[in-house]
Amino acid sequence: MAASVPALPPGVLSLHVLPAEHHDRDWDAIIVPAAVKERLLGQALLTLKHGRKLAQLAGLPHGLVVLAGPPGTGKTTLARGLAQVAALALARDGATTLVEINPHAFPSDMLGESQRNIMRLLQDTIPEIAARRPFTVVLIDEVESFAVRRSTASFDTNPVDVHRATDAVMLGIDEVARKLPAVLFVTTTNFIEAIDEAFLSRADLVMHFALPDQATIARILDASLAELAVQWPGLRPLLKSTGEIAEIAALCGGWNGRQVRKLVLAALAQRLEVARNPALLSFDDLREAARKRGGVEWAGAAAPSSKELFPDVPRELMHDHDHGHDHERS
Ligand SMILES: Nc1ncnc2c1ncn2[C@@H]1O[C@H](COP(=O)(O)OP(=O)(O)O)[C@@H](O)[C@H]1O
Ligand SMILES: [Mg+2]
């Protein structure tokens, strides 16, 4: 549940107290080899539970995990899910705060004001939040957006200064991670090439996410259809057709996990009958949507008019279209 704080500090996207009821789904939604989840959870527990003791050892640990890979491969979702499962594992020892940082919240270039705000967030805000509960997970999503601004900084800016500013932020994250050894920092990046080498080399774990292979795509499709079948039990028979699911998975080579999930939605929108009653979804709809890569096309014959499509909507269901506008204007 979101804590009812009057206003979140700048750059903080959300604060959650975990474990919480509806947070279970993220971890389960992402289909990756079991070893990936086990390694992530192991790393999280090690930092959260034993970070302070381990900090006594020479150079270990930083409490910093990097999830790297192409967009849509489940990094953000799994990072959130990780906070929840770690919180479940630790629940008897106390609650966990999940702090989500939004690097996009710092506008303009990396220099001056923007950089000072980031440093304030790292050096004041995060330690203050971490003091509230026994366990804290800080999620810095798309951490490369700090770094990417190097290349987009204006030509007037001395590139050396931009580099220095970016490095300062990376090192700031690294420093706060070191100062708070029991706080777990999970960062994600869609673009690992943009990330500072020094930063990466200090991470306790860099987990690389790949695009799903065909077997994984089939499992994502199966899981998506199973979710639909909870709402529309008429779809249950589709789940038995593993051959056809595999055949559709073969049409989705090179897609990311998000695109595969969206395919099922696109399939539901292929025919109006199905959009009205999703229980009518067929493998032909899925194939058709896969063939179009989930996109929408109106090619060939002219599209029917709205009256032709919906001839039988009774007059009394029609709203006066001027209504809302009058109110909004005043
Ligand atoms: N391996 C996967 N298994 C199942 N669903 C996935 C997978 N990867 C991505 N998805 C779907 O795509 C959505 C977006 O994933 P997200 O975590 O935002 O990816 P990223 O942060 O890597 O861009 C997820 O909510 C999930 O529905
Ligand atoms: Mg993401």
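Residues numbered from 1 in each chain as written. Chains lettered and ligands numbered in written order. Predicted model: local features only at pLDDT ≥ 70, side-chain atom pairs only at ≥ 80, totals over all residues. Heavy atoms only, no water.

*Asks:* What exactly am I supposed to notice about the sheet that holds strand 3 (residues 96–101) here?
*Replies:* Paired through their backbone hydrogen bonds, the strands of a sheet run either parallel or antiparallel. Strand order in the open sheet made by the 6 strands is 1-3-4-5-2-6, with mixed pairing throughout. Among the strands making up the open sheet, the edge pair consists of strand 1 (12–18) and strand 6 (205–208). The sheet shows a mean angle of 15° between the axes of neighbouring strands, taken without regard to direction. Where strand 4 (residues 135–140) meets strand 5 (residues 183–189), 5 bridges bridge the pair, whose relative direction is parallel. (Pairing = 2+ DSSP bridges. Helix = DSSP H or I, 4+ residues; strand = E, 2+ residues; numbered from the N terminus. Axes fitted to C-alpha atoms, helices over the stretch in contact; angles between N-to-C directions.)

*Asks:* Would you mind going over the site of ligand 1 with me for this structure?
*Replies:* In the vicinity of ligand 1 there are 15 residues, among which Ile31, Gly72, Lys75, Thr76 and Thr77 approach most closely. Interatomic distance of 2.9 Å between a backbone N/O atom of Ile31 and a nitrogen atom of ligand 1. Within the side chain of Lys75, a nitrogen or oxygen atom sits 2.6 Å from an oxygen atom of ligand 1. Relative to its unbound accessible surface of 560 Å², ligand 1 loses 85% to contact with the protein. Elements represented by at least two residues in the shell around ligand 1 include exactly helix 3 (75–90) and helix 11 (257–268). Within the shell around ligand 1, the residues separate by chemical class into 6 nonpolar, 6 polar and 3 charged. Built from parts of two domains, the shell around ligand 1 gets at least three residues from each of domain 1 (12–208) and domain 2 (214–295). (Near = heavy atom within 4 Å. Polar contact = N/O pair within 3.5 Å; in protein donor to acceptor, adjacent residues only side chain to side chain. Areas by Shrake-Rupley, 256 points an atom, 1.4 Å probe, with all protein chains shown as cover. Nonpolar A, V, L, I, M, F, W, Y, C, P; charged D, E, K, R; others polar. Domains from an automatic or database assignment.)

*Asks:* Even after reading the chapter, I still don't get unusual backbone geometry, so can you show me in this structure?
*Replies:* With the exception of glycine, most residues fall at negative phi, and the peptide bonds are largely trans. The step from Leu18 to Pro19 runs through a cis peptide bond, and the omega angle for that step is 0°. Within the secondary structure layout, Pro19 lies in the loop between strand 1 and helix 1 (24–29). Backbone geometry at Glu142 places phi at a positive 50°, although glycine is not the residue there. Within the secondary structure layout, Glu142 lies in the loop between strand 4 and helix 5 (144–152).

*Asks:* Any chance you could explain helix 13 (residues 283–291) here in plain terms?
*Replies:* An α-helical turn contains 3.6 residues, so a residue and the one three or four places further along point in the same direction. Buried within helix 13 we find Phe283, Asp285, Leu286, Ala289 and Ala290. In a view along the axis of helix 13, the buried residues occupy a sector of 155°, so they form one face of it. Set apart from the buried face of helix 13 by more than 90 degrees, the exposed residues are Asp284 and Arg291. Contacts made by the buried residues of helix 13 are with helix 8 (214–231), helix 9 (236–240), helix 10 (242–250), helix 11 and helix 12 (272–276). (Buried < 20%, exposed > 50% of the residue type's maximum accessible area, 1.4 Å probe, protein only. Arc of directions from axis to C-beta. Contact = heavy atoms within 4.5 Å.)

*Asks:* In this structure, what is going on with the packing of helix 11 against helix 13? I would like to understand it.
*Replies:* Two packed helices can be described by the angle between their axes and the distance between those axes. At a minimum axis separation of 8 Å, helix 11 and helix 13 run at an interaxial angle of 115°. Crossing handedness for the pair helix 11 and helix 13: right-handed. On helix 13, the residues touching Leu263, Val264, Ala266 and Ala267 of helix 11 are Asp285, Leu286, Ala289 and Ala290. Of the residues in the contact of helix 11 with helix 13, the class split is 7 nonpolar, no polar and 1 charged. (Left-handed = near helix turned anticlockwise from the far one by under 90°.)

*Asks:* What is the right way to look at the nonpolar core in this model?
*Replies:* One recurring pattern in soluble globular proteins: nonpolar side chains tend to sit buried together. Ile101, Val138, Ile173 and Phe185 are the most contacted members of the largest nonpolar core, which totals 30 residues. Of all the secondary structure elements, the ones that give two or more residues to this core are strand 1, strand 2 (64–68), strand 3, helix 4 (112–130), strand 4, helix 6 (159–179), strand 5 and helix 7 (197–202). Examining the composition of this core, we find that 7 residues originate from one element, helix 4, more than from any other. In this structure, Ile101 is in contact with Gly11, Val12, Leu13, Leu121, Ile126, Val138, Leu139, Ile140 and Asp141, ignoring residues within four places of it in sequence. Of all hydrophobic cores here, the second largest spans 28 residues; its members include Ile30, Leu40, Ala79 and Ala83. (Core = buried A, V, L, I, M, F, W, Y, C linked by side-chain atoms within 4.5 Å.)

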